[in-house]
Every structure is written in structure tokens, then in C-alpha cells.
Amino acid sequence: MLLITCPWCGPRDEIEFSCGGEAHITRPSEPEALTDEAWADYLFNRTNPKGPHAERWVHTHGCRRWFNVLRNTATNEILAVYEMGKPRPDGEGS
Amino acid sequence: MRPQRMRLASGGRIDRTRPLSFSFDGTRYQGFAGDTLASALMANGVRRVGRSFKLHRFRGIFSAGAEEPNAIVQLESGPRTVPNLRATQVELYDGLSAASVNAWPSLAVDFLAINSLFAPLLPAGFYYKTFMWPKPLWHACEGMIRRAAGLGRAPMDPDPDTYDHLHAHCDVLVVGGGPTGLAAALRAGRTGARVIIADEQNELGGQLLNNRQQVDGSLGADWVATACEEFVGTANVRVLTRTTAFGHYEHNHVALLERRTDHLGPGVDGVRQRLWKVRAKQVVLAAGAYERPIVFRNNDRPGVMLASAAAAYVNRYAVRPGQRAVVFTNNDSGYAAAADLADGGVPVAAIVDARLEAGDDAAALAAVRDIEVLNGFAVVDVKGRRQVAGADVSILNDEGAATGGSARTIGCDLLAVSGGWNPCVHLHCHSGGKLDFDSDWACFVPGRTPLASRAAGAAAGVFELAACLESGFEAGARAARAAGIKRRGRARKAPAAERNSPAPARRLFHVPSLKRGGEAKAFVDLQYDVTAADISLAAREGYESVEHVKRYTTLGMATDQGKTSNVAGLAILSGVLGRPIPEVGTTTFRPPYTAVTYGALAGRDVGDFADPVRKTPMHHWHVAAGAKFEDVGQWKRPWYYPRADESMQEAVNRECLAARNTIGVLDASTLGKIDIQGRDTVTFLNRVYTNTWDSLAVGRSRYGLMCGEDGMIFDDGVTTRLGDHHYLMTTTSGGAARVMSWLEEWLQTEWPELDVRLTSVTEQWASAGLCGPGARRLMDDLSEDLPLDSEALPFMAMAEGRVAEIPARVFRISFSGEVSFEINVAARYGMALWNALMTAGEKYGITPYGTEAMHVLRAEKGYIIAGQETDGTVTPIDLGLERMVSKKKDFIGKRSLSRSDTAREDRKQLVGLLTEDESEVLPEGAQIVAEPRPMPPMEMIGHVTSSYYSANVGRSIALALIRSGRSRVGEYVFAPLPGKRVMARVVEPVFFDPEGGRLHG
Ligand SMILES: [Zn+2]
């Protein structure tokens, strides 16, 4: 069970949180202007790296706030926890 | 009671003043406090304790610990029975009753032992080859095979015991309380670090309890007692005995199982087992090592035993494991075992050492006791069928093969074997730790780990006592420091033990048989009867990956998970494939290390505590009225209110008729309610609902549909504008939490700039829904200040006022198609409101109705239920709700509605179905076909989503999702059901008052 540091509540067991999948996927501002392929890419396609992965978590059974986590998927090491809207601290990805 | 004929007169960690009686396979015996079931059986001279899994050969006690593959028992009977326990770990208590698991009908007369004669017909992969195809054969034989497979039986009755969970945090968790773990805990404890030390046995000490080595000049066991005293005086060290660390998870989450009362017998008061969830800053793995066997022909006969286990029985339990021993070893530790046996009254006929030379200290142990040592020899076969009667030995050549030279048979009834040691690397590997190969000892040792965890002592491949103590001491110091403890603490010198001058071990896992076909009786996995021949066969048949060999042969897949067999199996595979052991690799180590009861995993989360129950403020009234309840999410909702001996259908019919002809009243308190405030609420609603919200006036309500971004319906409900920037959203009863989380997610992650605040108010309001022709009259009677006529309070409007003198919000919303008033009051007035309605409504024939009638009434009108008509693959258009989908604005899911698949013309669409036989009620979920055939396969074109008998319509009605359904209106379709085929006409999905005149009333 991961130990996740909520930016507002501090370190808590994973059981208090829910994972919301890959972070930094912005909803297109004009969906109607997109091709089917571009929309499908937003809707369905996610990266699946072995290594650092930026993902969204919510402290479901705590403060109920969302934040981003940079986690190494191979080792489960948590490299960073940062607020929504902030860029990836390692400068990778979008 | 028979005498304990193999018990030594003195010594051991047993209490001879506390005799305990017990029974095994129906025979009564006596043992002593401090015994395990295995040591007590051994004391009574019981050699055969089980039958093997496949071949049903006799098996005897093989080890003295968690690795035991043979002595597997079913403990006790009835609801407290536990299957598949290792007798070597079951502490004896008075009245204990156990049975061997893998013999039918009894251990002595085993019908299935006939399998043994057919052994050549049961090679590796036998079950796969014979029974996976053709399927009918497997079905015919499955029951027989499963029973023959034996192993324990799960209890059939509810578990009467209590279990609990405990969360703990510490700086340093030490797993294992042997010399290494003790040294680590002592050292870390002295720095002031919060330490937990856990050991699976009844007392700390590990191997020091089993042998006669000295620490700091005292007998090991005495030094252990001193260490324990230090722990007692140290508030920051917590000692957990009878506690197994069974899983090591991410970020040093370690799960421990503490057996609190098992050693006292069944039915003792208190918590039987406790699951500890420990979060440790640092972990020291001091779990020790297993001695490993050597594979040779007939190495499974009762009386073949690990050498260290034989010594443990003598030293710790004061039991002679045999009358005359032969020790077969490839390393120095066999000599210490031989010395312990000899000193404990078991004459050692010979030490068979695969090496040409032993270490000086080891050799001296044999020399002073006049034990014959056969250097460069190996045991090649075992005499005796029911138990060991002798060991056939022969000279080994340089390649490790027996030559047949100098062959002789040495009479013995105990063959103690040491093939070296395998560090217990399980916990290290549970969470991504890698293994390195130690070629000196030919064993896997812990390598890199992503966790703040370190192995020490034998668990790290350090097998000498003095080095183990130093390794543990060092690990304790480092762990405390890494956990951030600055103090270094007193007594910084490691406990000392004598240093020996050992000779290296010889790599020998397997002595090939001199007999043709002898490998088929050379057992690698004792519990699942996997032989050296099976592994060779698997390799010859092309199974080269160790994971494949494991599954094909079942090597290591039994309840012992291959603790004594995996490495030997790998070594044999490596030999057949001609690849070095580390290249062959290991199988994966997964938690749990040893089996964990479901009771402990569930803890207190059983029965009433399994899931919270939510009740409305009017719940007790419903109970008193005799309502039958239905679970909706966690809510208990009245399902229907049967009178006298009404059937369910009769009650539902009566409730449905009342709702349309007089007055019905429904407890609607469970409906999800979200209070929404903020200047951007309209913008927000426009984005999350498919329809538009700009024009909604204060005091007016609107029905809304929510989709996921994939365009599929997610939830629905009515939202009312209470003020300029204040709205009340309702959701489905079961979907309230999901919708709340969904809205929060969008607000926080995508649209943080919106000024919108959400508050769940579901439980703050109680709600009673009145409907039917008499509803307005009753409202009139109970309210003075509320406008009730259709001009002032039309359909889809809301007014605030008093109902039965209670402040209320009254909504003209309807889920029945009748004139309706949904009265919301503060939850604490819910019961008062309900009582007032029932009392004042009596003269109008007010009838409470439950969820079943609610479902029928809405289905009569073709109103959908999200989650019943929808299943995550249904769009608003599929349901004929195009009018709900705005063309003007964007909303979540809109773009998906024009994706090629979502825009298809031939999607499943909502229609009504009327069966030809009006009394026939289709089962919900029934598949629909256009062209029925006598037998499947048939092309399915849809399914029934809702189906009821409707008293108001006077016949059965159904809703269904059918491919191109709207273009099929008027056509006939079929539902193939068991034993019959039902024909139905496709109709519009509205069965009652299609014009909707009654709604506005
Ligand atoms: Zn939080």
C-alpha cells in the first residue's frame, strides 16, 4: 500500500485516496473542431510508461481535494506531489 | 495413555509438569506444554503423518518450521476447523484434535495409494494432457480428481471467532527474532528508535533455541532471555511473538498476522488473530534461512528429515527423531547436527559428506564422538517402504554423479540431510527486490530493493552465528540512523560468538539414481510429488522458462509454496538445460509468506459492519407498517407494504392503483441532493448537463441528463433554481456520491476558475412525495401559506412555505406522471411530516407505496432509470431523448455523440414491448431475437431492461433496448426463454396517459 503525501493533510495510506489516471490531459477547448481521431486520442489514449508517470489523485476519504503525483511505475517511488495546474516538476511530458 | 517413548528424560524447552493430551487421526496421545504437534507426535513415535498429494506415498515429519511440506493437518472440526496447517507450527494445547489431510478414507488404508502403482502413468503435465481436452472428460472426472487431490476442507459454518486490525507505525521493524533479529532490535532499541520485532514462533530466539551454540559466553537460549529482559525494560521496543510478517508492500507497508489465542485452543475469549498493518520507516529482514534437502531416490520416506530439524527436535523438544541416524551433508552444518543427535541419545552410524574434506571444527565434532565420516560419498537410495530402514551410499565422482563404487547400505531409521541453506528472501522480493546469486553457497541472496529495507544475517546469506550477530547489530544501527534517529545509544559492541574455520560447501542438489527410471522416485517437491524425472520431462518437452516448468509440473505450487523445493528444482532444470542457475532465474515470490485466515483479513468488517446501512428519518414507521425493504446502494428503502396475507404482486398492484386513483405517498428521502452555489453555477450546469440552463427562473425546476465524456448516460435528476446563484441538484439514490465526486473532479481539475461550491445535503433533508388525484386536496388541508393551484405552482415549480406547520420546500416534480408534490423538510422533521400526512390523508385513502410500485408507475410512463435502462453504453439519443441534447452549447460528452460508432443508425434504442399473452411478464435481462430458432446460436438484437405487471394498464409491460428499435415499432420480436418462446410486439415506450394530461392536473 502506497504512502501518499496529500499536500493538505500530509502522509496517509493509499486506501484514503483514489487514482484519477494520467495527469496533464487538458480537455480540448473546442471539441467540435476536432477530428474523430483527435477526439479519440483525448478520450481513450493514455501513456503507460515504465518509470516516472504523472497522475492525478484525490484524497477521497480526507480533504477530498485533487492533486498530482509523479510516481515511478516500476518502483512505486513517489518523486513529487504537486498541485493541480502546476507543470510536471521533472520537465517531462506535456 | 501410551508413554512418550521417544522423549528424552531431561532437557528441552518443554514443561514436563504440564502434560497435555491430544489426538491425531483419532488416536489419543500425550505431549507436554512447549511441544508443537509435530514434536509431540514424534515423542510418541509416530513416523507417518500424511500421504503425498498425487502418489499417496507415506510421508513423515520433514522439518521443524514454516517450510514443512509433509506434516499438513486439519485442526479441529466444525466451524473452527482450520485446514492445511503445518504440524511443525501448531503449538500443542490440551484436547487438541488433528487429522492428516491427504488420505481417504484413512492414513493407514488409503484407497488412492493405488495411484502409486500407476506412477509411470502420472508424469508431469498429466492433468493438462488428459483433462483439459476434451472438455466433457474433464467434467466427468473433475469431482473425483478434486476429492482425490485431498488437502484440507474449509469450514462450512460462519466463523464464530473475533478478529481485528491494528495500524502501527515505527522507525525500525525487525522481521525475525533469531540471533540476527535480536541483535538488530537491541542495537536499534538502544538509540531510542521506535522498534517492532516480530517472530512467528511462541518465543524469540530462532535457531538459538534449536542448537547449543553460545553467545557472549552463555548458552544461546540464556542470552536470548537476557535480550528479552532488555526489551521489557525498553518502552520504545515492542515485541510481537506468534506473529508472522507475511507481506512486504510498497513504501514499507508490512502486514503481520498475530495469532493471539490459537495456542490456547479453540473457543477462548478475546481476539483470536490480529492483522497488524505496520508502516515502518526502515525494515530489517532477519527472517533466517531454510536448510535445503538433497534430492535422491526415495528421499521422501518417513525418517528422511532436514538435519537442522533433527537437531531442533533433540535440543528444543527433547525428542529423539530416530533410533539410529545417518547424516548426509554437503557442508559443515551437518556435523553440528550429527553431534547434537549423538549427544541427545541418537547414535549416528555415519556422516556421509559429499566433500572430500570438512572444516577442521566440523571434523573435530565427529572425531571426538567416534562418528564414521564417509568423505566424497553420497546417499543414492533409501531402503524401507513404510519408513527409512537404511541408506544406500556410494562414491561421488567430480561431476557430482554417484559412481556405484564402494556401495554399501548403512542401517538407520533417520536420515538427516543438509544440502546447504537458502536465505528466506520472500519478503525482500514481495515488493520488487531483486536477487543475486551467491555462487559459494549456490543460493539466492537479496539484491537491490526499491524499499527502505535491508536483509541481515542468514536472510542475507550470512550463515555463521558470529557473523549473523554482527550483521544484525550493524543493520540495527544503520536502520535507526536511516530512520532519522540521531542518538547512537550505549553498548555499541556486537554480541560475540565463537568463530569457526569452515570449509566451503559442495554444490550438490541432486544425486542421480543408479537405477533405470530411479529419477521418478527422486522427489523435488514433496507436497505435490514433483520428481527429478518430471522436471527433466518438462525441459525435454520444451518448457524452458522456470515459470512454465512450475505450472507444467506444479513444482512449488502446493500449500508450502515450494519453500524446500524451488531452488533444487531450479538447479535440476539448470542442469538439464545446460545453463547456469542464475540464468534460469527464479519464480516470483508473492505474499502471503504463509497462509492467512480470511477471518484475519476481514477483521471486524463482517456482519453488520461489512457495509454501513443508511436509513431515512421515516425508517421506523416503515418497519412498524410491515414494509419489505430493498437495498438501494447502502440505503434501506421500503420495497412494498404487504397487508395481511397479500402477495407481493397484490400489494404492488394495490399501491400502483392508489397512486393513480386516490393518493400515494413515497419516502423519497434517499434521493441524492447537492446544494450548488456560486456566480458561475449556470455555466457549470451547462457544461455537465446535456440540456441548457440559462433560461431557468428562480423557483423553477428542470430535468437534466448527465453524460460521461464518452457520450454515455451517467446519471439524471431534477435541478431547481432556489436563488440567483443557488441551485439544488438531485441525483439517483445510488449515484449521489458518484455524481458529487464527478462534479468535484471537473471543478478542481479542469475548471478551477469557476466560482461554484458543492455541498452534499442528501441527509439534511427528508422528503415525502405525494401523488394522485387527491394530492392537492391533502396539501390544501395541511398548508395555509402555500400557493397550490396550477397557476401559482405549476408543474416543475417550487415554493417555500409550511406543511403541517413544518417549514418546507414543495416541488411540483413527478416520477409517476400524476399531479405530485414532493415535500422536503429538515431531516429532523421527517417523521413528524410523515405522521401528519398519514393522519390527515387517512380520509382520502392515502397509501404508502414502495420502490417496486415506484418502478412500475414510472415504467408505465416510459421514464428511464439511470442504471436500469442504461448500462454505460447508452446515449441520450438511444433513449429517444434528443430533445434533452442541446445543439447550441458544448457539454461533457457532446463531441462523442457524433463519433462514427455513437452516431450509427442501428444502435440499440429504447422501445416498449407488449407480450402477446398479456399475463406474461418477461424476465428483466431476457435476450430478444428477431428470427427465433429452435436452438442457439441465434442473433440477439437486444434485451429487456424493465418488465412488470401493470395494474393500471391491466397487463404486462416491458421496456427494452433493441437494435434499430424505433424503426421496428409495430413488428414482432421474440424472447427465447428456458422451455418456451415469448412473442411480443414492439411499441412506443409509453403505456399510460401518453398525452401527459394528468401530470399538469
Ligand atoms: Zn488531504
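A.B. asks: Just give me the short version of the overall build of chain A, but keep the residues and values in it.
C.D. replies: Per the secondary structure count, chain A includes 1 helix and 6 strands. Ordered by position in the sequence, the α and β elements of chain A form the string β-β-β-α-β-β-β. Across its three principal axes, chain A shows a C-alpha extent of roughly 40 × 30 × 20 Å. Taken across its 94 residues, chain A has 39% of its residues classed as buried. The long-range share in chain A, meaning contacts at least 24 apart out of those at least 6 apart in sequence, stands at 46%. Per element, the accessible surface of chain A, about 5,200 Å² overall, is 49% carbon and sulfur. Taking the average place of the 10 positive charges on the side chains of chain A and the average place of its 14 negative ones, the gap between the two points comes to 6 Å.

A.B. asks: Describe the overall build of chain B, with residues and values.
C.D. replies: For chain B, the helix and strand inventory stands at 25 helices and 49 strands. Along the first, second and third principal axes, the C-alpha set of chain B runs to 115 × 70 × 60 Å. Relative to its 1001 residues, chain B shows a buried fraction of 59%. Considering only intrachain contacts with a sequence separation of at least 6, the fraction spanning at least 24 residues in chain B is 66%. Carbon and sulfur atoms form 52% of the exposed surface of chain B, whose accessible area is close to 40,400 Å². With 113 positive and 114 negative side-chain charges, chain B shows a separation of 4 Å between the mean positions of the two kinds.

A.B. asks: Could you give an account of the coordination of the zinc ion, naming the residues involved and the relevant values?
C.D. replies: Around a metal, the idealised angle for a tetrahedral arrangement of four donor atoms is 109.5 degrees; for an octahedral arrangement of six donor atoms it is 90 or 180 degrees. Residues and elements named next belong to chain A. At this site the zinc ion is bound by C6 (SG), C9 (SG), H59 (ND1) and C63 (SG), with donor distances of 2.0 to 2.3 Å. The coordination sphere of the zinc ion comprises 4 donor atoms, whose angles at the metal cover 104 to 119°; the geometry is tetrahedral. Counting residues between consecutive donors of the zinc ion along the chain gives the motif C-x2-C-x49-H-x3-C. Residue C6 is located in strand β1 (residues 3–6), and its partner C63 is located in the loop between β4 (52–58) and β5 (66–72); the two are separated by 57 residues in the primary sequence.

A.B. asks: Report on the pattern of salt bridges, specifying residues and quantitative values.
C.D. replies: Residue and element names in this part refer to chain B. Scanning the model with the defined rule gives 57 salt bridges over all chains in all. One salt bridge connects D901 with R907, and the closest N-O pair in it is separated by 3.7 Å. One network of salt bridges, with partners in common, ties together D878, D901, R904, D906 and R907.

A.B. asks: Tell me what's going on with helix α22 (residues 775–782) of chain B, and back it up with residues and numbers.
C.D. replies: Note on helix geometry: an α-helix contains 3.6 residues per turn, so any two residues three or four positions apart are oriented the same way. If you check which residues of α22(B) are buried, you get A775(B), L778(B), M779(B) and L782(B). Each buried residue of α22(B) lies within a common arc of 100° when the element is viewed along its axis, so the set occupies one face.

A.B. asks: How would you summarise helix α7 (residues 220–232) of chain B if you had to cite specific residues and measurements?
C.D. replies: Residue and element names in this part refer to chain B. For α7, which comprises 13 residues, the first-to-last C-alpha distance of 19 Å matches the rise-based estimate of 18 Å (1.5 Å per residue) to within 8%. Listing the buried residues of α7 in full gives G220, A221, W223, V224, A227 and F231. Down the axis, α7 shows its buried residues gathered within 155° of arc, on one side only. Along α7, the residues that are exposed and aim more than 90 degrees away from the buried face are E229 and V232. Elements in contact with the buried residues of α7: α5 (179–190), α6 (207–210), β10 (214–215), β11 (218–219), β12 (237–240) and α12 (465–482).

A.B. asks: Provide a residue-level description of the sheet that holds β4(A), including the pertinent values.
C.D. replies: All names here are of chain A. Here we have 4 strands laid out as an open sheet, ordered β3-β4-β5-β6, and antiparallel in their pairing. Edge positions in the sheet fall to β3 (18–22) and β6 (78–82), since each has one partner strand and no second. Averaged over neighbouring strand pairs, the angle between their axes works out to 30° when direction is ignored. By the bridge criterion, 4 bridges tie β5 to β6 in an arrangement that is antiparallel. The residue bridging N68 from the neighbouring strand is Y82, located in β6.

A.B. asks: So what's going on with the packing of aromatic side chains? Which residues, and what values?
C.D. replies: Applying the stated criterion across every chain, the model contains 17 aromatic pairs over all chains. Ring plane angle 65° and centroid distance 5.6 Å describe the contact between W621(B) and W834(B), whose orientation is recorded as edge-to-face. Of the two residues, W621(B) is situated in helix α18 (residues 619–624) and W834(B) in helix α23 (residues 830–841); the sequence distance between them amounts to 213 residues. Of the residues examined, W621(B) reaches a relative accessible area of 21% and is grouped as partly exposed. Ring pairing ties together the aromatic residues F684(B), F714(B), W742(B), W746(B) and W751(B), which thus form one cluster. The ring of W8(A) has R65(A) sitting right over it, with the charged end atom 3.8 Å from the ring centre. Across from the ring centre of F523(B), 4.8 Å away, lies the NZ or CZ of R59(B), which sits over that ring.

A.B. asks: How would you explain the confidence of the model for chain B if you had to name every residue and give the values?
C.D. replies: When the pLDDT values of chain B are averaged, the result is 93; 95% of them are 70 or greater. Here the prediction assigns the complex a pTM of 0.91, and the interface score ipTM is 0.98.

A.B. asks: I'd like a description of the interface of chain A and chain B, backed by residues and values.
C.D. replies: A common way to state how big an interface is: give the accessible area lost once the parts meet. On the chain B side, the residues contacting the 25 residues of chain A number 27 residues. Interface of chain A and chain B: buried area, both sides summed, is about 2,300 Å²; carbon and sulfur atoms make up 47% of it. Sorting the residues of chain A by area buried against chain B places M1(A), R27(A) and W66(A) first, and these three jointly supply 28% of that buried surface. Here chain A is connected to chain B by 5 salt bridges.

A.B. asks: Give me the lowdown on the packing of helix α13 (residues 532–540) of chain B against helix α15 (residues 566–577) of chain B, citing residues and values where you can.
C.D. replies: Residue and element names in this part refer to chain B. It is at 9 Å that the axes of α13 and α15 come closest, and there the two elements cross at 45°. Here α15 runs oblique to α13, going by the angle between their axes. Viewed along their axes, α13 and α15 form a crossing whose handedness is right-handed. Together, A532, I535, S536 and A539 of α13 and G569, I572, L573, V576 and L577 of α15 make up the contact between the two elements. Broken down by class, the residue content of the contact of α13 with α15 amounts to 7 nonpolar, 2 polar and no charged.

A.B. asks: For a negative patch on the surface, give the residues involved together with the corresponding values.
C.D. replies: Judged by side-chain charge, E357(B), D360(B), D361(B) and E498(B) come together as a negatively charged surface patch. Mapped onto the secondary structure, D361(B) falls in helix α10 (residues 360–368).

A.B. asks: I'd like a description of the side chain of D332(B), backed by residues and values.
C.D. replies: All names here are of chain B. By the secondary structure assignment, D332 is in the loop between β18 (325–329) and α9 (333–343). Given the relative accessible area of 15%, D332 is considered buried. Within polar-contact distance, the side chain of D332 engages the backbone nitrogen of A503 at 3.1 Å. Sequence-distant contacts of D332, that is, excluding residues within four places in its chain, are made with R355, A358, G359, A362, P502 and A503.

A.B. asks: Describe the pairing of strand β22 (residues 390–395) of chain B, listing the residues and the values that go with them.
C.D. replies: Residue and element names in this part refer to chain B. Burial analysis of β22 places 5 of its 6 residues in the buried class, the great majority of the element. Where strand β21 (residues 377–383) meets β22, 6 bridges bridge the pair, whose relative direction is antiparallel. When the sheet's bridge partners are listed, D381 is paired in β22 with D392. Where β21 hands over to β22, the hairpin turn is made up of 6 residues, of which G384 adopts a positive phi near 100°.

A.B. asks: Can you lay out the sheet that holds strand β2 (residues 27–33) of chain B for me, pointing to particular residues and giving the numbers?
C.D. replies: All names here are of chain B. Read from one edge of the open sheet, 5 strands run β2-β1-β7-β5-β6, paired in mixed fashion. Looking along the sheet, the strands with just one partner apiece sit at the ends: β2 and β6 (82–86). With strand direction ignored, the average angle separating the axes of adjacent strands in the sheet is 40°. The pairing of strand β5 (residues 72–75) with strand β7 (residues 96–100) spans 3 bridges and is classified as antiparallel. What sits directly across from Q74, in β7, is A99.

A.B. asks: Before we move on, could you go through the packing of α5(B) against α7(B) and cite the residues and values that matter?
C.D. replies: When two helices pack together, their arrangement is given by the angle between their axes and by how far apart the axes lie. Residues and elements named next belong to chain B. Following both chains from N to C, one finds α5 and α7 inclined at 30°, their axes separated by 11 Å at the closest point. Comparing their axes, α7 and α5 come out roughly parallel. Two packed elements cross with a definite hand, and for α5 against α7 that hand is left-handed. On the side of α5, the interface is formed by P179, L182, A183, A185, L186 and R190, while α7 contributes W223, V224, A227, E230 and F231. Split into classes, the residues belonging to the contact of α5 with α7 amount to 9 nonpolar, no polar and 2 charged.

About the thresholds
Residues numbered from 1 in each chain as written. Chains lettered and ligands numbered in written order. Predicted model: local features only at pLDDT ≥ 70, side-chain atom pairs only at ≥ 80, totals over all residues. Heavy atoms only, no water. Helix = DSSP H or I, 4+ residues; strand = E, 2+ residues; numbered from the N terminus. Buried < 20%, exposed > 50% of the residue type's maximum accessible area, 1.4 Å probe, protein only. Contact = heavy atoms within 4.5 Å. Areas by Shrake-Rupley, 256 points an atom, 1.4 Å probe, with all protein chains shown as cover. Lys, Arg positive; Asp, Glu negative; His and termini not counted. Charge placed at Lys NZ, Arg CZ, Asp CG, Glu CD. Donors = N, O, S within 2.8 Å, 3.2 Å for Na, K, Ca; no water. Tetrahedral: all angles 85-135°; square planar, octahedral: opposite > 155°, others 65-115°. Salt bridge = Lys/Arg side-chain N within 4 Å of Asp/Glu carboxyl O. Arc of directions from axis to C-beta. Expected span 1.5 Å × (residues − 1). Pairing = 2+ DSSP bridges. Axes fitted to C-alpha atoms, helices over the stretch in contact; angles between N-to-C directions. Phe/Tyr/Trp six-rings, centres within 6.5 Å; stacked < 30°, edge-to-face > 60°. Lys NZ or Arg CZ within 6 Å of the ring centre and 35° of its normal. pLDDT = per-residue confidence, 0-100. Buried area = accessible area lost by both parts, 1.4 Å probe. Parallel < 35°, antiparallel > 145°, perpendicular 65-115°, else oblique. Left-handed = near helix turned anticlockwise from the far one by under 90°. Nonpolar A, V, L, I, M, F, W, Y, C, P; charged D, E, K, R; others polar. Patch = residues over 30% accessible without salt bridge, like charges linked within 9 Å, V, L, I, M, F, W, Y side chains within 5 Å. Polar contact = N/O pair within 3.5 Å; in protein donor to acceptor, adjacent residues only side chain to side chain.

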